[in-house]
Amino acid sequence: MERNHPVSELMAETIQQIRNAVDANTVVGEPIVAGEVTLIPVSRISLGFGTGGSEMGGKAPKALGENPFGGGGGAGLKVIPVCFLVVSGGMVKVLPVDAAPETSLDRVVDLIPDLVNKLTSYLEERKAKKEAEGTPGV
């Protein structure tokens, strides 16, 4: 049976601890129901980790894995609340936590849900108007 090197064991332990700290509910949180409105929190996660080690053979090194080993591992995790998805009356809206977008692209992404809602409403009104006039829908 092959023996795992201590660096591999450190890496495996670091990754396991990250898995324990982060799951899908960390990014998209549990829904919060308040009457007919449901709020779903959404977060951004930044993560970094590293592991390293060395065998110290001294003047008379032994075979790999038999020398004294020194090493360590660590991780950093940052969870940033981004927005809430607001579900009400069959519509979904994005309510940003930080109203100031960082870039122009962020602003465009923030506007997409409103644009989709307005377009849907326009098409439904147009279809209803054509049906009222006796013309088949769009």
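Values in this document were obtained by computation on a predicted structure and should not be read as measured data. (Residues numbered from 1 in each chain as written. Predicted model: local features only at pLDDT ≥ 70, side-chain atom pairs only at ≥ 80, totals over all residues. Heavy atoms only, no water.)

**Considering the overall build of the protein**
Along the protein, the regular secondary structure elements total 3 helices and 4 strands. For the protein, the sequential pattern of α-helices and β-strands runs α-α-β-β-β-β-α. Pairs at least 24 residues apart make up 53% of the contacts formed inside the protein by residues separated by at least 6 positions. Accessible surface, the protein: about 10400 Å² in total, of which carbon and sulfur atoms supply 59%. (Helix = DSSP H or I, 4+ residues; strand = E, 2+ residues; numbered from the N terminus. Contact = heavy atoms within 4.5 Å. Areas by Shrake-Rupley, 256 points an atom, 1.4 Å probe, with all protein chains shown as cover.)

**Regarding the side chain of Ser43**
Along the polypeptide, Ser43 turns up in strand β2 (residues 37–55). Given the relative accessible area of 17%, Ser43 is considered buried. (Buried < 20%, exposed > 50% of the residue type's maximum accessible area, 1.4 Å probe, protein only.)

**Considerations on a nonpolar patch on the surface**
Together, Met11, Leu47, Phe49, Leu77 and Val79 make up a nonpolar patch on the protein surface, roughly 420 Å² of accessible area in all. As for its placement among the helices and strands, Val79 is situated in strand β3 (residues 69–88). We classify Val79 as partly exposed; its relative accessible area is 42%. (Patch = residues over 30% accessible without salt bridge, like charges linked within 9 Å, V, L, I, M, F, W, Y side chains within 5 Å. Salt bridge = Lys/Arg side-chain N within 4 Å of Asp/Glu carboxyl O.)

**Re the confidence of the model for the protein**
Summarising the model, the protein shows a mean pLDDT of 79, and 87% of its residues fall at 70 or more. Across the protein, the secondary-structure element scoring lowest on mean pLDDT is helix α2 (residues 24–27), at 74, and the one scoring highest is strand β1 (residues 32–34), at 90. (pLDDT = per-residue confidence, 0-100.)

**Description of the sheet that holds β2**
Read from one edge of the open sheet, 4 strands run β1-β2-β3-β4, paired in antiparallel fashion. Whereas interior strands pair on both sides, the edge strands pair on one side only; in this sheet they are β1 and β4 (91–96). Between one strand axis and the next, the sheet turns through 25° on average, direction left out of account. (Pairing = 2+ DSSP bridges. Axes fitted to C-alpha atoms, helices over the stretch in contact; angles between N-to-C directions.)

**Quick word on the environment of Ile80**
As for its position among the elements, Ile80 is in strand β3. Residue classification places Ile80 among the partly exposed positions, given a relative accessible area of 27%. Placed 17 residues apart in sequence, Ile80 and Val97 show a C-alpha to C-alpha distance of 9.7 Å. Not counting the four nearest positions on each side in its chain, Ile80 is found in contact with Ser43 and Arg44.

**Thoughts on the pairing of β2**
By the bridge criterion, 3 bridges tie β1 to β2 in an arrangement that is antiparallel. Residue pairing for β2: Ala34 is matched across the bridge by Val37. Turn length for the β1-β2 hairpin, with the two strands adjacent in sequence and antiparallel, is 2 residues, and the turn residue Gly35 shows positive phi of about 70°.

**Some remarks on the pairing of β4**
Bridge count for β3 against β4 is 6 bridges, and the pairing is antiparallel. The partner of Ser88 across the bridge, within β4, is Met91. Linking two consecutive strands that pair antiparallel, namely β3 and β4, is a turn of 2 residues; a positive phi of about 60° is found at Gly89 within it.

**So, helix α1 (residues 6–21)**
The end-to-end C-alpha distance of α1, which contains 16 residues, comes to 23 Å, matching closely the 22 Å that a straight helix rising 1.5 Å per residue would cover. Among the residues of α1, those classed as buried are Pro6, Thr14 and Ile18. Relative to the axis of α1, the buried residues are bounded by an arc of 120° and lie together on one face. Opposite its buried face, α1 presents the exposed residues Arg19 and Asn20, each directed more than 90 degrees away. Structurally, α1 contributes buried residues whose contacts are with β2 and β3. (Expected span 1.5 Å × (residues − 1). Arc of directions from axis to C-beta.)

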